[in-house]
Amino acid sequence: MKILVIGSGGREHALVWKLARSPRVSSIVCAPGNAGIEQLARCVPIKADDVAALKAFVTAEKIDLTVVGPEAPLAAGIVDEFRKAKLRIFGPTRGAAQIEASKSFTKDLLVRHRIPTAAARSFDALKPALDYLEPHPLPLVVKADGLAQGKGVVIATTREQAVQAVRDMLERDTFGQAGRRVVIEEFLDGEELTLMAFADGKTVVPMVGAQDHKRVGDGDTGPNTGGMGAYAPAPLATPALRETVLQQVLRPTIEALSKMGSPFQGVLYAGLMIVRGQPYVLEFNARFGDPETQVVLPLLKTDLVTVLEAVVEHRLDQLPIEWHDRAAVCVVLTAGGYPGAYATGTPITGLPDASGSSEVVVFHAGTKRQDGTVVTAGGRVLGVTATGRGLAEARDRAYGQARAISFDGCHFRSDIGARAIRPTG
Ligand code: AMP
Ligand code: GLY
């Protein structure tokens, strides 16, 4: 089979790496890819959201299956376009992808179907939003409605911060279109868990649980980022909790979307807050998470292409999906200054060769090749990933490799996975 993967980050490198291990895959193309991906796939300079160009490419090259990494092409309706042209593609339609693209759409769906989530209200106008804030206990969470790359969320511990956040979004347009509507919700105090699931419109099968680390600094300090690292399986996701999430969250959501005429096919990503053993939905994404994919895919035992095909062909109920009894840790190396301003074009040294060892692999996130050298090309630069028999072994391997890599300004957290690893570990 010939496969096209759309995207250019660490998630897409992990997808390409996993697909490359499938005996059923003969060649992989990635649009646009990065310096790590180009060692495993042919990279073509087509932007991830240029739906027309991607469609023309897939038709001309007779690609058998297209796999969409990021959310932008999904929200732009790439799946609808491809289906119209009878091209096989893995991902939800624009209608189903609203589960990620609009927080108010999702909140309505959750409330209507009694799926546990934080109490919330959404507002388009300033005055009602401010009136609503006034009597509410703190902290409060203020969110831009649309896609804001994880940055449109403010946890306000004072009334002034809450008012400021609402004004920034509704009045000052800080988040552009995404912030024209705000969602104000109750603060949930618990532990976060990511549970991604394969869904074929009817059947939904959860993957292993993962946790990412969103803050830039050790001990969850500093500003939010796209993700500084992840580990899986998360001990928090016991079989009992996964079953609860399946019954109370994943199945009702898939059924609700189906009833609305937008059956969800692809990866449904549930971002959950676990409060005293009970899961609450913080957000859904309509795609694989980044960096969760980098730790979940190495643990997948069943052939990935076989799973993706079962999703596209509504056959998930007939496919047992198996996992390795191992653990994985991913440490993200970022450019100095990230998530604020950072330099690009900085040479990277100490990278292992393309395929890595069987236990350590360096997924590229923001890199490119310049005159034969790999240089930085983004805020999140690399995701150093290792597996082991347990989380402690995986973590030690990942950090061993991370410390061997260097570039000017390189930063990484030193406590990825620490929460889940006992000190004696
Ligand atoms: P979101 O983009 O909605 O997932 O929010 C980004 C991050 O903000 C989450 O990963 C949480 O760490 C935090 N967050 C969002 N909503 C809440 C909430 N209701 N209570 C506590 N923390 C929240
Ligand atoms: N790790 C969060 C995300 O992929 O959005």
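Up top is the structure these notes are about.
Keep in mind that what you see is a predicted model, and the values were worked out from it rather than measured.

Peer 1: I tried to follow the overall build of the protein on my own but got confused; where do I start?
Peer 2: The helix and strand inventory of the protein stands at 12 helices and 22 strands. Its C-alpha atoms give the protein a radius of gyration of 21 Å, near enough to 22 Å, the size a compact globule of 425 residues would have. In terms of principal-axis extent, the alpha carbons of the protein reach across some 60 × 45 × 40 Å. Intrachain contacts of the protein at a sequence separation of at least 6 include 69% that bridge at least 24 residues. Counting only carbon and sulfur atoms, one obtains 50% of the accessible surface of the protein, whose full area is about 17,400 Å². Across the protein, 48 positive and 46 negative side-chain charges occur, with their mean positions spaced 3 Å apart.

Peer 1: So what exactly am I meant to see when it comes to the site of ligand 1 here?
Peer 2: Neighbouring residues of ligand 1: 15 residues in total, closest K143, E185, L188, E192 and K214. At a separation of 2.8 Å, a nitrogen atom of ligand 1 approaches a polar side-chain atom of E185. The separation between an oxygen atom of ligand 1 and a polar side-chain atom of E283 is 3.3 Å. Taken by itself ligand 1 offers 470 Å² of open surface, and the protein chains cover 93% of this. Partitioning the shell around ligand 1 into residue classes produces 8 nonpolar, no polar and 7 charged.

Peer 1: What is the right way to look at the site of ligand 2 in this model?
Peer 2: What surrounds ligand 2 is the set D212, Y269, N285, R287, G289, D290 and E292. Contact distances for ligand 2 include 2.9 Å between an oxygen atom and a side-chain N or O atom of R287. D290 places a polar main-chain atom, nitrogen or oxygen, 2.9 Å from an oxygen atom of ligand 2. Isolated, ligand 2 exposes 200 Å² of accessible area, and the fraction of that covered by the protein chains is 86%.

Peer 1: Honestly, the nonpolar core in this entry has me stumped. Any pointers?
Peer 2: In globular proteins that are soluble, nonpolar side chains generally tend to be buried together. One finds L4, I78, I99, L250, F264 and L272 to be the most contacted residues of the largest nonpolar core, which totals 74 residues. Here this core takes 8 residues from helix α9 (residues 239-259), the largest share from any one element. The contacts of L272, once residues within four sequence positions are left out, are E191, E192, L193, L195, V245, V249, Y280, V281 and L282. By size, the runner-up hydrophobic cluster in this structure holds 43 residues, among which are A230, Y269, V295 and W323.

Peer 1: Where do I start with the pairing of strand β17 (residues 278-285) in this structure?
Peer 2: On a regular strand, each side chain points to the face opposite its neighbour's, so the side chains alternate between the two faces of the sheet. Bridge count between strand β16 (residues 265-275) and β17: 7 bridges; the pairing is antiparallel. Bridging from a neighbouring strand, M273 pairs with Y280 of β17. What sits between the antiparallel neighbours β16 and β17 is a turn of 2 residues, in which R276 has the positive phi angle 45°.

Peer 1: Just checking my understanding: could you explain the environment of A144 for this structure?
Peer 2: Looking at the element boundaries, A144 is found in strand β7 (residues 140-144). What makes A144 buried here is its relative accessible area of 1%. Remark: the alpha-carbon pair of A144 and S22, spanning 122 residues in sequence, is separated by 40 Å.

Peer 1: Sorry, what's going on with the sheet that holds strand β8 (residues 153-156) here?
Peer 2: In a beta sheet, neighbouring strands are held together by backbone hydrogen bonds and run either parallel or antiparallel to one another. Reading across from one edge, β6-β9-β7-β8 is the order of the 4 strands in this open sheet, with antiparallel pairing throughout. For this open sheet the edge positions go to β6 (120-123) and β8, each flanked by a neighbour on one side alone. Neighbour-to-neighbour, the strand axes of this sheet turn through a mean angle of 20°, independent of strand direction. The strands that helix α8 (residues 159-170) touches are β6, β7, β8 and β9 (182-186); relative to β7, the one it contacts most, it runs at about 10°.

Procedures and definitions
- Residues numbered from 1 in each chain as written.
- Chains lettered and ligands numbered in written order.
- Predicted model: local features only at pLDDT ≥ 70, side-chain atom pairs only at ≥ 80, totals over all residues.
- Heavy atoms only, no water.
- Helix = DSSP H or I, 4+ residues; strand = E, 2+ residues; numbered from the N terminus.
- Rg over C-alpha atoms; globule rule 2.2 N^0.38 Å.
- Contact = heavy atoms within 4.5 Å.
- Areas by Shrake-Rupley, 256 points an atom, 1.4 Å probe, with all protein chains shown as cover.
- Lys, Arg positive; Asp, Glu negative; His and termini not counted.
- Charge placed at Lys NZ, Arg CZ, Asp CG, Glu CD.
- Near = heavy atom within 4 Å.
- Polar contact = N/O pair within 3.5 Å; in protein donor to acceptor, adjacent residues only side chain to side chain.
- Nonpolar A, V, L, I, M, F, W, Y, C, P; charged D, E, K, R; others polar.
- Core = buried A, V, L, I, M, F, W, Y, C linked by side-chain atoms within 4.5 Å.
- Buried < 20%, exposed > 50% of the residue type's maximum accessible area, 1.4 Å probe, protein only.
- Pairing = 2+ DSSP bridges.
- Axes fitted to C-alpha atoms, helices over the stretch in contact; angles between N-to-C directions.

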